[in-house]
Amino acid sequence: MPIADVNGIKIHYRFDGPEKGDVVMFSNSLASDLTMWDYQIPRLSEAGYRILRYDSRGHGRSSVPPSPYTMEILTSDVVALMDDRGLHQVHFCGLSLGGMVGQMMGALHGKRLRSLILCDTSSYMAQRSIWDERIALVSRVGMEGVVDATIDRWFTKTGQERLKISVEHTREVILNTSIEGYCGSGLAIRALDLREIIKGISVRTLIMVGEQDQGTPVSVAEFIHQQIGSSVLKVIPNAGHFVNVEQADIFNKALLEFLSDRTARGDLGSGV
């Protein structure tokens, strides 16, 4: 189990794919872990990419330091892990919380990125009371208090029926998420406001969002797209928040086309 001692904590990470390939770094959502990217590994490996996944602090097998966390701290974890592994640049892909970290990476550490992929994420948390309620509920009753609602936000009803094994695994990961880690990261999300800073992102950026995402809807992705001049937007049909799982084939195709630079020629399709 690879563990990096960086930034005052232990970060669990995993490499897949050929050793000499360009590195694509994946960052997980709140209440998930690095296994959420399982559907991406075979396709990217076959295409010659080296994949680096990690458990965000407070999640999976990484350390669970005391709450609260901030986006600045979560972003510094990424830079510290890259430095520890001797990586000057990566393609960075994050979903939800991971996408928030990605926006910070693009704005503050753009020179460390070859490209940026932001999935089902937000740049601003308008209804902060929602996070006050979720944090209070989890603190009181544990992850059982939010697991059902989370699954319904992450997957459409059709997806839940079609992907029962994947959904059940996701449910188990949610239930096993540390309460401290959830609340610490939830406070970072509650304070989120990247609306101005992301205007400074100049690295080539792909924004993907599930057409039926309830938590970070298409309108939120469109706003991020408007703020980042170097970005393209792809809306993926028949998908909720966990678009990389529910529509893995479409997601992987768009991701690989972007990584291979075909989007620079406008070849990503009608979803852009």
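Preceding this paragraph is the structure being described.
Residues numbered from 1 in each chain as written. Predicted model: local features only at pLDDT ≥ 70, side-chain atom pairs only at ≥ 80, totals over all residues. Heavy atoms only, no water.

Structural notes on helix α4 (residues 128-141)
The end-to-end C-alpha separation of α4 is 20 Å, in line with the 20 Å expected for 14 residues at 1.5 Å each. Where α4 is buried, its residues touch α5 (147-154) and α8 (179-190). Directly after α4, the chain includes Gly 142, whose backbone phi takes a positive value near 90°. (Helix = DSSP H or I, 4+ residues; strand = E, 2+ residues; numbered from the N terminus. Expected span 1.5 Å × (residues − 1). Contact = heavy atoms within 4.5 Å.)

Quick word on the pairing of strand β4 (residues 50-54)
Within a regular strand, side chains alternate between the sheet's two faces. Along β4, 5 of the 5 residues are buried, which leaves the element largely enclosed by surrounding structure. The alternating pattern of β4 places Arg 50, Leu 52 and Tyr 54 on one face and Ile 51 and Arg 53 on the opposite face, and all of these are buried. As paired strands, strand β2 (residues 9-16) and β4 are joined by 4 bridges and run antiparallel to one another. Residue pairing in the sheet places Arg 14 in a bridge with Arg 53 of β4. Pairing analysis gives 5 bridges linking strand β3 (residues 23-27) to β4, with the strands arranged parallel. Of the residues in β4, the one forming a bridge with Met 25 is Leu 52. Following the chain from β3 across helix α1 (residues 41-46) to the adjacent parallel β4, one finds a crossover that is right-handed. (Buried < 20%, exposed > 50% of the residue type's maximum accessible area, 1.4 Å probe, protein only. Pairing = 2+ DSSP bridges. Right-handed = clockwise from strand over helix to strand, strands pointing away.)

Focus on the sheet that holds strand β5 (residues 90-95)
Pairing is mixed in the open sheet, where 8 strands are placed in the order β1-β2-β4-β3-β5-β6-β7-β8. Each edge of the sheet is formed by a strand with only one pairing partner; in this case those strands are β1 (3-6) and β8 (231-236). Here the average twist between neighbouring strands, direction ignored, is 25°. Sheet strands touched by helix α2 (residues 71-84): β1, β2, β3, β4 and β5. Its angle to β1, the strand with the most contacts, is close to 115°. (Axes fitted to C-alpha atoms, helices over the stretch in contact; angles between N-to-C directions.)

Considerations on the side chain of Ser 27
Here Ser 27 lies in strand β3. At 2.8 Å, the side chain of Ser 27 forms a polar contact with the side chain of Tyr 54. Apart from residues lying up to four places away in sequence, Ser 27 is in contact with Trp 37, Tyr 54, Phe 92, Cys 93, Gly 94, Leu 95 and Gly 98. (Polar contact = N/O pair within 3.5 Å; in protein donor to acceptor, adjacent residues only side chain to side chain.)

Description of the pattern of salt bridges
Enumeration according to the criterion identifies 16 salt bridges in this entry. Here Asp 16 makes a salt bridge to Arg 53, at a shortest N to O gap of 2.9 Å. In this pair, Asp 16 is assigned in strand β2 and Arg 53 in strand β4, connecting sequence segments 37 residues apart. For the pair formed by Asp 16 and Arg 53, the shared burial category is buried. A salt bridge links Asp 132 to Arg 190, with the shortest nitrogen-to-oxygen separation between them at 2.7 Å. Of this pair, Asp 132 sits in helix α4 while Arg 190 sits in helix α8; the two residues are 58 residues apart in sequence, bridging distant segments of the chain. Ionic contacts of the salt-bridge type, sharing partners, join the residues Arg 14, Asp 16, Asp 38 and Arg 53 into one network. (Salt bridge = Lys/Arg side-chain N within 4 Å of Asp/Glu carboxyl O.)

Notes on the side chain of Asp 120
Mapped onto the elements, Asp 120 comes out in the loop between β6 (113-119) and α4. Despite its burial, Asp 120 pairs with no opposite charge; the closest candidate is Arg 153, at 11 Å N-O. There is a polar contact of 2.9 Å between the side chain of Asp 120 and the backbone nitrogen of Gly 210. What Asp 120 contacts, discounting residues up to four positions off in sequence, is Leu 95, Ser 96, Met 208, Val 209, Gly 210, Asp 213, Thr 216, Gly 240, His 241 and Val 243. (Lys, Arg positive; Asp, Glu negative; His and termini not counted.)

Brief notes about the packing of α2 against helix α3 (residues 97-108)
Their axes nearest at 9 Å, the elements α2 and α3 cross at an angle of 75°. Between α2 and α3, the angle is such that the two are roughly perpendicular. Residue-level inspection shows Met 71, Glu 72, Leu 74, Thr 75, Val 78, Val 79 and Met 82 of α2 in contact with α3, the latter providing Leu 97, Met 100, Val 101, Met 104 and Met 105. When grouped by side-chain class, the residues that make up the contact of α2 with α3 number 10 nonpolar, 1 polar and 1 charged. (Parallel < 35°, antiparallel > 145°, perpendicular 65-115°, else oblique. Nonpolar A, V, L, I, M, F, W, Y, C, P; charged D, E, K, R; others polar.)

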